[in-house]
Amino acid sequence: MSQRTLPLLIINLGGEMIYILDQRLRAQDENDDKTQRVMNDIVGTMFNKAFLEELLRPQDLYSHRALRTVLTRIAHASIMRLNLASMDKLYDLMTMAFKYQIVLCPRPEDLLLITFNHTDTIKELVKDNPSLVNQINEAQRQLIEVYTPLSDGEFQLIRHTLLVLFQDMQIRVSIFLKENIQNPNGHFVLQTSGPVPHGFEVPGLIRWFNAKGREVRRTRFPSGGSYTSAVRQASFDLSGDRVTLLGTNMYSTPSPEDMDPPTTSTRKPKQADTTPNPLATEELNLLAKLMGGMEVQKLLNVEAGFRVNLLAFDQEEEEEEGIVISEGTGHQSSRVINLKVTQDQLASTELARIAGEFDEEGSQTEGPGNKGDDLLAMMDEL
Amino acid sequence: MYHKEKSIPIKSSASALYNNLSVLRIAPRCLTYFTVVHANVVNMVSASWDGLNYSHRQLQSKEGNVATSSSLIMQAAWCVLPSRDLLVLTSQKGIQMYESDGSIMVYWHALDTPETPTAKAVFAQGISAVREKHICVGVSSGSVLVFDVPSKGSNITLSEVLEEHKEAITDMASECSGSLECIADLVSADDSGLLCVWKSGEDFQLLNKIPGFDTSCSSVKLWKGTVIAGYGTGQIRLYEAVTGILHAEVNAHARWIYSLDIAPFTGLIEHMYNECVTDTQICGAKFCDGDGYAFAVTGYDLSEIIRYTQA
């Protein structure tokens with residue numbers, strides 16, 4: 001349908017990915033420098049000028065497979081590596097988060113505000129790096145140029161195109177279930193209360209007019225919800241009040257369990273959450289099955305290695321390596337499995353070389369290929 | 001006054017598209033047909049009036065040569081003409097017309113698609129039967145294609161192209177009261193909210209243009225010379241078709257209106273009933289009969305048609 005969907009898709013999905021990775025790396029008490037390096041590398045790749053130009057070319061949407069490949073490449077532009085199972089989990093989380101934003105988006109043009117919430121937050125994450133901030137600003141300028149002239153009907157077409165891509169995806173995400181954003185059947189919760197979007201009237205009124213255009217009668221009716229008057233207009237500029245919270249970093253608000261500052265020494269297991277979380281355990285079981293007999297090794301001596309535990313959003317974490325079983329709580333015991341993510345020296349050198357080349361002269365391959373091939377080829381640079 | 005009935009299951013979920021539900025009542029066989037679009041497939045289900053029997057069929061969008069999954073269907077609707085009923089599908093590639101049970105394709109019209117993708121999407125959307133022998137279909141460029149339909153057979157021809165709209169056509173509707181006194185036969189709506197009112201004939205004649213107010217008009221009906229239009233701002237407006245006089249305005253919804261329908265034998269413009277379908281984004285809404293006794297809705301990601309009947 002719409003030929004202008006891809007940039008919004010990649011930036012928003014990439015944004016969600018950055019939020020998740022950032023939260024995970026910080027929660028695991030990684031060295032700040034290393035975390036920042038990973039973030040900078042990923043952001044630099046995602047907002048590369050040539051890459052964005054390719055995205056902005058009018059074209060059909062990519063398939064899930066192609067999309068995943070592109071996002072994996074972006075993630076691996078850093079020295080951090082994710083194994084297949086972690087990437088699966090990451091992709092599920094990213095897509096469901098963005099699907100949530102698209103479904104709940106009150107007006108179709110709010111899709112652009114959601115995108116700007118992502119770029120604003122990413123800018124904040126790399127604020128100490130002026131060249132990256134410039135890159136993001138430049139990208140935002142291009143988005144403003146392409147998207148602000150579009151009508152609400154054209155935005156709705158973009159939204160419909162995205163909704164076809166995400167149709168029937170009902171993956172239940174622990175954090176969404178906990179926050180009552182998602183129902184156990186996978187559908188998102190739609191509120192029928194609150195302020196109406198900017199430019200809308202509160203429902204419940206019928207007005208009759210005479211031939212001269214004068215109002216002659218008005219009646220009220222129950223609208224079926226409890227709505228209040230409209231929110232203020234949001235800013236579509238380079239910076240400003242976006243009004244909507246969709247697209248902001250939902251992982252950055254610490255949940256009560258995370259409030260304790262992490263300590264470097266081993267600490268006692270925290271009291272497990274009193275409400276059993278069968279879904280989280282199910283996810284863990286599935287992952288354990290997928291990984292089979294994979295052993296989790298001690299990572300004491302790996303200097304630059306990153307453990308990225310993508311399952312610990314609502315599980316209590318331990319500072320120790322290896323598999324940990326919280327016992328004796330009387331509640332459903334859950335294992336925390338730490339996924340090993342190591343720094344592969346050779347691979348990172350290769351990637352770094354490619355990323356470096358890519359930064360300097362990412363060129364486009366010519367001729368139409370399969371969807372995404374051009375982009376991937378460009379990312380390979382060869 | 002309405003209560004929820006047993007839902008009708010459909011083979012795949014409804015896509016988020018305007019007017020994504022079409023209903024055809026087959027009184028002689030005590031059946032009602034429903035169609036719901038899912039990406040490049042049309043789900044058809046026929047339901048017996050006693051609610052005991054369902055039969056399903058799926059139509060894949062077949063474009064002349066190759067069935068490609070990149071051809072998404074925008075809308076499917078029945079066109080009821082005096083001599084025959086046809087099922088019309090509009091997609092990114094063109095327009096297909098089938099016999100009403102979806103068994104045979106009788107006509108295919110390809111849209112002009114550019115060699116390399118342009119920024120503006122290309123698709124057909126907005127379907128309406130008009131009077132005796134016309135079926136009109138809208139296009140993303142703003143054109144309205146008028147097809148001449150013989151009483152049987154596949155000799156359907158494109159007889160006229162109406163060029164008044166500049167934005168993509170969203171919906172079209174013909175006079176549904178059955179009254180022959182009304183001058184206006186057809187109304188077309190587009191993404192800018194513009195409404196064009198037409199008189200059918202050998203050549204269609206533009207009777208009036210009612211401007212929009214900076215928002216898309218996604219769903220439109222024409223009843224006894226009154227245009228009823230649903231807009232992206234959640235409002236419904238009633239205009240006198242030929243003069244453009246605004247009769248009434250309803251602040252109906254807190255979100256974009258996806259679909260609206262009128263029960264032609266009732267003529268009520270009063271609020272009677274409201275219902276909230278929990279956690280569902282509605283994309284299709286239709287009365288199942290002319291008296292408004294029953295209506296049905298579809299929702300994004302929902303694999304069923306939800307029905308309500310009067311208590």
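Predicted, not measured: the structure shown is a model, and the values here were computed from it.

A.B. asks: So what exactly am I meant to see when it comes to the nonpolar core here?
C.D. replies: What tends to happen in soluble globular proteins is that the nonpolar side chains get buried as a cluster. In terms of nonpolar packing, the biggest core is built from 76 residues, with Leu9(A), Met17(A), Phe47(A), Leu67(A), Ile74(A) and Met94(A) touching the most fellow members. Formed by 24 residues, the second largest nonpolar core is a distinct cluster that contains Ile26(B), Val37(B), Phe123(B) and Ala168(B).

A.B. asks: What should I look at first to understand the sheet that holds strand β13 (residues 144–148) of chain B in this one?
C.D. replies: The strands making up a sheet associate through hydrogen bonds between their backbones, and the pairing can be parallel or antiparallel. All names here are of chain B. The antiparallel open sheet is built from four strands, whose spatial order is β11-β12-β13-β14. Looking along the sheet, the strands with just one partner apiece sit at the ends: β11 (124–130) and β14 (157–162). In this sheet, neighbouring strand axes are inclined to one another by 25 degrees on average, regardless of whether the strands run parallel or antiparallel. Here β11 runs beside strand β12 (residues 134–139); their pairing, made up of five bridges, is antiparallel.

A.B. asks: In this structure, what is going on with the environment of Thr226(B)? I would like to understand it.
C.D. replies: All names here are of chain B. In this structure, Thr-226 sits in strand β20 (residues 226–231). Distance from Thr-226 to Ala-184, taken between C-alpha atoms, is 9.1 Å for residues 42 residues apart in sequence. Beyond its immediate chain neighbours, meaning those up to four positions away, Thr-226 contacts Lys-221, Leu-238, Tyr-239 and Ala-241.

A.B. asks: Help me understand the pattern of salt bridges, please; the structure alone is not making it clear to me.
C.D. replies: One side chain can pair with another of opposite charge once the charged atoms of both are near each other. With the rule as written, the count across this model stands at 22 salt bridges over all chains. Residue Arg242(A) is joined to Asp120(A) by a salt bridge in which the shortest nitrogen-to-oxygen separation is 2.8 Å. Taken together, the residues span a long stretch of sequence, with Arg242(A) in the loop between β4 (226–228) and α10 (278–291) and Asp120(A) in helix α6 (residues 110–125) at a distance of 122 residues. A relative accessible area of 3% places Arg242(A) in the buried class. Here Arg131(B) ties to Asp185(B) by a salt bridge, and the two come within 2.7 Å at their closest N and O atoms.

A.B. asks: In this structure, what is going on with the interface of chain B and chain A? I would like to understand it.
C.D. replies: Many authors give the size of an interface as the accessible area that is lost as the parts come together. Contact with chain B, which involves 49 residues of that partner, is made by 51 residues of chain A. Carbon and sulfur atoms supply 54% of the area buried between chain B and chain A, which totals about 4,100 Å² over both sides. Among the residues of chain B in contact with chain A, Asn251(B), Asp279(B) and Tyr300(B) are the three that bury the most area, contributing 16% of the side total. On inspection of chain B and its partner chain A, the count reaches two salt bridges. When the shortest N-O distance is used, the salt bridge between Arg207(A) and Glu249(B) registers 3.0 Å. Run the count over chain B and chain A and you get 24 residue pairs in polar contact (both at pLDDT 80 or more). Examining the composition of the side of chain B that touches chain A, we find that six residues originate from one element, strand β22 (residues 246–251) of chain B, more than from any other. Looking at the side of chain B that touches chain A residue by residue, the class counts come to 23 nonpolar, 18 polar and eight charged.

A.B. asks: Can you walk me through the packing of helix α1 (residues 6–27) of chain A against helix α5 (residues 84–104) of chain A in this structure?
C.D. replies: Each pair of packed helices can be summarised by the angle the axes make with each other and by the distance between the axes. Residue and element names in this part refer to chain A. Two elements in contact, α1 and α5, have axes separated by 9 Å at closest approach and are oriented at 120 degrees. When the axes of α1 and α5 are compared, the pair comes out oblique. Both α1 and α5 take part in a crossing whose hand is right-handed. Judged by residue contacts, Leu-8, Leu-9, Asn-12, Leu-13, Glu-16, Met-17, Ile-20 and Leu-21 of α1 engage Leu-90, Leu-93, Met-94, Thr-95, Ala-97, Phe-98 and Gln-101 from α5. In the contact of α1 with α5, the residues fall into eleven nonpolar, three polar and one charged.

A.B. asks: Hey, could you run me through the sheet that holds β22(B) in this one?
C.D. replies: One open sheet accounts for six strands, arranged β3(A)-β2(A)-β22(B)-β21(B)-β20(B)-β19(B); its pairing is antiparallel. The outermost strands of the open sheet, each flanked by one partner alone, are β3 (215–220) of chain A together with β19 (217–223) of chain B. Neighbour to neighbour, the strand axes of the sheet diverge by 15 degrees on average, direction disregarded. Pairing analysis gives four bridges linking strand β2 (residues 205–209) of chain A to β22(B), with the strands arranged antiparallel. Counted as the bridge partner of Ile206(A) is Val250(B) from β22(B).

A.B. asks: Please clarify how the packing of α5(A) against helix α8 (residues 152–165) of chain A should be interpreted in this entry.
C.D. replies: All names here are of chain A. At a closest axis distance of 10 Å, the pairing of α5 and α8 adopts a crossing angle of 140 degrees. The angle between α5 and α8 places the two elements in the oblique class. Here the hand of the crossing between α5 and α8 comes out left-handed. In this structure, α5 uses Phe-98, Ile-102 and Val-103 to contact α8, whose residues at the interface are Arg-159, Leu-162 and Leu-163. By residue class, the composition of the contact of α5 with α8 is five nonpolar, no polar and one charged.

A.B. asks: Where do I start with the environment of Leu238(B) in this structure?
C.D. replies: Residues and elements named next belong to chain B. With respect to the element layout, Leu-238 can be found in strand β21 (residues 235–240). Here Leu-238 falls in the buried class, since its relative accessible area comes to 7%. Sequence separation of Leu-238 and Gly-299 is 61 residues, and the distance between their C-alpha atoms is 25 Å.

A.B. asks: Looking at this structure, how should I read the side chain of Arg242(A)?
C.D. replies: All names here are of chain A. At 2.8 Å, the side chain of Arg-242 and the side chain of Asp-120 are in polar contact. Within polar-contact distance, the side chain of Arg-242 engages the backbone oxygen of Asp-237 at 2.8 Å. Arg-242 has contacts with Leu-113, Phe-116, Asn-117, Asp-120, Gln-140, Ala-234, Ser-235, Phe-236 and Asp-237, leaving out every residue within four places of it along the chain.

A.B. asks: Honestly, α5(A) in this entry has me stumped. Any pointers?
C.D. replies: The first and last C-alpha atoms of α5(A) sit 30 Å apart over 21 residues, in line with the 30 Å expected at 1.5 Å per residue. With 18 of its 21 residues buried, α5(A) lies for the most part within the structure.

A.B. asks: How should the packing of aromatic side chains be read in this particular structure?
C.D. replies: The geometry of an aromatic ring pair comes down to the distance between the two centres and the angle between the two planes. Tallying each qualifying case throughout the model produces 13 aromatic pairs over all chains. Look at Phe176(A) and Phe188(A): their rings are 6.3 Å apart centre to centre, the planes differ by 70 degrees, and that puts the pair in the edge-to-face class. Linking Phe176(A) in helix α9 (residues 174–178) with Phe188(A) in the loop between α9 and β1 (193–195), this pair joins segments that are twelve residues apart in sequence. The pair Phe176(A) / Phe188(A) is uniform in exposure class, with both members buried. Among the aromatic residues, those joined into a ring-pair cluster are Tyr2(B), Phe287(B), Phe295(B) and Tyr308(B). If you follow Arg217(A) out to its NZ or CZ, it ends over the ring of Trp208(A), 4.0 Å from the centre.

What counts and what doesn't
Residues numbered from 1 in each chain as written. Chains lettered and ligands numbered in written order. Predicted model: local features only at pLDDT ≥ 70, side-chain atom pairs only at ≥ 80, totals over all residues. Heavy atoms only, no water. Core = buried A, V, L, I, M, F, W, Y, C linked by side-chain atoms within 4.5 Å. Buried < 20%, exposed > 50% of the residue type's maximum accessible area, 1.4 Å probe, protein only. Pairing = 2+ DSSP bridges. Helix = DSSP H or I, 4+ residues; strand = E, 2+ residues; numbered from the N terminus. Axes fitted to C-alpha atoms, helices over the stretch in contact; angles between N-to-C directions. Contact = heavy atoms within 4.5 Å. Salt bridge = Lys/Arg side-chain N within 4 Å of Asp/Glu carboxyl O. Buried area = accessible area lost by both parts, 1.4 Å probe. Polar contact = N/O pair within 3.5 Å; in protein donor to acceptor, adjacent residues only side chain to side chain. Nonpolar A, V, L, I, M, F, W, Y, C, P; charged D, E, K, R; others polar. Parallel < 35°, antiparallel > 145°, perpendicular 65-115°, else oblique. Left-handed = near helix turned anticlockwise from the far one by under 90°. Expected span 1.5 Å × (residues − 1). Phe/Tyr/Trp six-rings, centres within 6.5 Å; stacked < 30°, edge-to-face > 60°. Lys NZ or Arg CZ within 6 Å of the ring centre and 35° of its normal.

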